[in-house]
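# A look at the structure
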Amino acid sequence: MPEQSITFEMLHETALSLGWDDVGITLPEISKENLESLQSWLQKKLHGKLHYMENPVRFDPKSLFPEAQTAIIFVTNYKQPKIELRKDAGAVASYARGRDYHHVHRKRLKKFIRWLESASGESNIAKPFSDSSPILEKALAVQAGLGWFGKNTLLIHRRFGTFTLLSGVLTSLKIEGIKMEPRLARCGSCTKCLDACPTQAFLAPYILDGKKCLSYHLIESKEPIPDDIRKKNPGYIFGCDICQSVCPHNVRNPLSLLEEFRPESGVGEYIDEAKLELLEKEPERLHGTPLQRRKVAGLKHNLIGTPI
Ligand code: B12
Ligand code: SF4
Ligand code: SF4
């Protein structure tokens, strides 16, 4: 098939038809400012035991795919209704109540790459990523003009706020319309997220001590939760939404319409001891949900402190 040029309009239309809420394109390069911030974060050991964060590929997307000319970044809105924290059950962070977004994204990325290959008439032109690859996804999203860094360190998408998930594709295709937006401070004098964090995990605006974040302890860490962190947990069993729930940029944007993210599609909004017992008998209920990462033993440790 002859080579054809892909326009941003074609790409945008395809991304939306596959279920993404927005898309932007940028150069597969990380700005000096973001490289320095990552370097300093690692030097201060704010990543704790997340050793995968030290992978040097993260500093240069091209080392993941040397032919890359364009980084395509997709945004998925996962906003769910706000829930109250309870004393008798642990709350599940809103991204994790339904199906695992990695799976949702993987399916879309496969279809997108098939389309890209067929529309361009070329093959082996793309490398997909969603969270698990060593890519500085938020920095690329900001660069692609999709939004800004919030003081809570998350991407604030210009329309969908921070309850958004990222994924993308590095491609060897050159696409017109590439953006290289600078990283600007846009939160003004607001400090709601910094003030609301129950573990005081922010060392300063835009700088998170990962080791203090509930999300680190309730999702990622393989070690027992330190007592001081456990005492400060206001009621989460998996992840934490507090620095997003208080953000004024998350008030007016629409809820996600996606069936996959609804609580009925996964373990739901809360887990109490009765649900843990059920999960112990039927652990397959966690399959295909983000909570599979923690498994039943990890969830029990999070809720009632039993050994991991
Ligand atoms: C490691 C990691 C974590 C760690 C560390 C978090 C962190 N802030 O880095 C932990 C386990 C704590 C975590 C928690 C969560 N995570 Co996480 N995580 C990642 C991962 C794998 C890498 C992030 C990273 O590169 N960190 C490196 C540090 C240096 O980056 P940074 O803290 O963002 O620092 C940047 C800014 O602060 C900025 N900056 C620094 N100084 C200044 C100054 C100014 C003025 C400005 C403007 C900017 C600025 O520059 C730095 C470098 O770019 C990404 C996926 C990926 N591959 O990108 C997901 C990702 C960031 N996580 C995500 C999510 C959803 C979460 C949670 C909400 C999950 C939950 N509900 O529990 C929480 C949110 C906690 C929080 N406030 O960040 C989403 C965020 C989507 C979005 N809209 O931003 C991502 C992108 C996954 C995805 N594919 O969608 N996560
Ligand atoms: S996710 Fe929770 S614990 Fe982590 S920084 Fe945000 S408010 Fe703090
Ligand atoms: S709560 Fe305020 S300071 Fe924090 S990210 Fe949102 S706008 Fe920025």
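Now for a quick tour of the structure.

What counts and what doesn't
Residues numbered from 1 in each chain as written. Chains lettered and ligands numbered in written order. Predicted model: local features only at pLDDT ≥ 70, side-chain atom pairs only at ≥ 80, totals over all residues. Near = placed C-beta within 6 Å. Helix = DSSP H or I, 4+ residues; strand = E, 2+ residues; numbered from the N terminus. Nonpolar A, V, L, I, M, F, W, Y, C, P; charged D, E, K, R; others polar. Domains from an automatic or database assignment. Core = buried A, V, L, I, M, F, W, Y, C linked by C-beta atoms within 7 Å. Buried ≥ 20, exposed ≤ 12 C-beta atoms within 10 Å, placed from the backbone. Contact = placed C-beta atoms within 7 Å. Pairing = 2+ DSSP bridges. Axes fitted to C-alpha atoms, helices over the stretch in contact; angles between N-to-C directions.

Let us look at the site of ligand 1. Of all residues adjacent to ligand 1, which total 38 residues, the nearest are Ala93, Glu137, Tyr206, Ser215 and Gly239. Those elements that provide at least two residues to the shell around ligand 1 are helix H2 (32-43), helix H4 (137-143), strand E7 (164-171) and helix H6 (214-220). Sorting elements by how many residues they give to the shell around ligand 1 places H2 first, with four residues. Considering only residue class, the shell around ligand 1 consists of 22 nonpolar, ten polar and six charged. The two domains that each donate at least three residues to the shell around ligand 1 are domain 1 (8-79 + 100-171) and domain 2 (192-304).

In summary, soluble globular proteins display a tendency toward joint burial of nonpolar side chains. Counting residues in each nonpolar core, the largest one holds 72 residues, and the members touching the most others are Ile73, Ile237 and Phe238. When residues are assigned to domains, this core turns out to be shared by domain 1 (8-79 + 100-171) and domain 2 (192-304), each giving three or more. The contacts of isoleucine 237, once residues within four sequence positions are left out, are Gly90, Ala91, Val92, Leu218, Ile271, Leu299, Asn302 and Leu303.

Let us now look at the site of ligand 3. In the vicinity of ligand 3, the residues found are Gly150, Lys151, Asn152, Cys187, Cys190, Thr191, Lys192, Cys193, Val246, Cys247, Pro248 and His249. Of the residues in the shell around ligand 3, the class split is six nonpolar, four polar and two charged. Per-domain counts for the shell around ligand 3 show at least three residues from each of domain 1 (8-79 + 100-171) and domain 2 (192-304).

Here we have three strands laid out as an open sheet, ordered E10-E3-E11, and mixed in their pairing. Lying at the two open borders of the sheet, with one neighbouring strand each, are strand E10 (236-238) and strand E11 (270-271). Across two bridges, the pairing between strand E3 (residues 90-92) and E11 is antiparallel. Bridge pairing links alanine 91 to tyrosine 270 in E11. Helix-sheet contacts for helix H10 (residues 295-304) involve E3, E10 and E11, and the interaxial angle to E10 is about 165 degrees.

Moving on, we get to the sheet that holds strand E4 (residues 126-129). Read across the sheet, four strands follow the order E1-E2-E7-E4 without closing on themselves; strand pairing throughout is antiparallel. The outermost strands of the open sheet, each flanked by one partner alone, are strand E1 (22-26) and E4. Along the sheet, successive strands turn relative to each other by an average axial angle of 20 degrees, direction set aside. Of the strand pairs in this sheet, E1 and strand E2 (residues 70-77) are connected by five bridges, and their pairing is antiparallel. Bridge pairing links threonine 26 to alanine 71 in E2. Sheet strands touched by helix H1 (residues 8-17): E1 and E2. Its angle to E1, the strand with the most contacts, is close to 145 degrees. Lying over the sheet, helix H3 (residues 101-120) contacts E2, E4 and E7, oriented at roughly 30 degrees with respect to E7.

The quantities given are spatial measurements derived from coordinates; they are silent on function.
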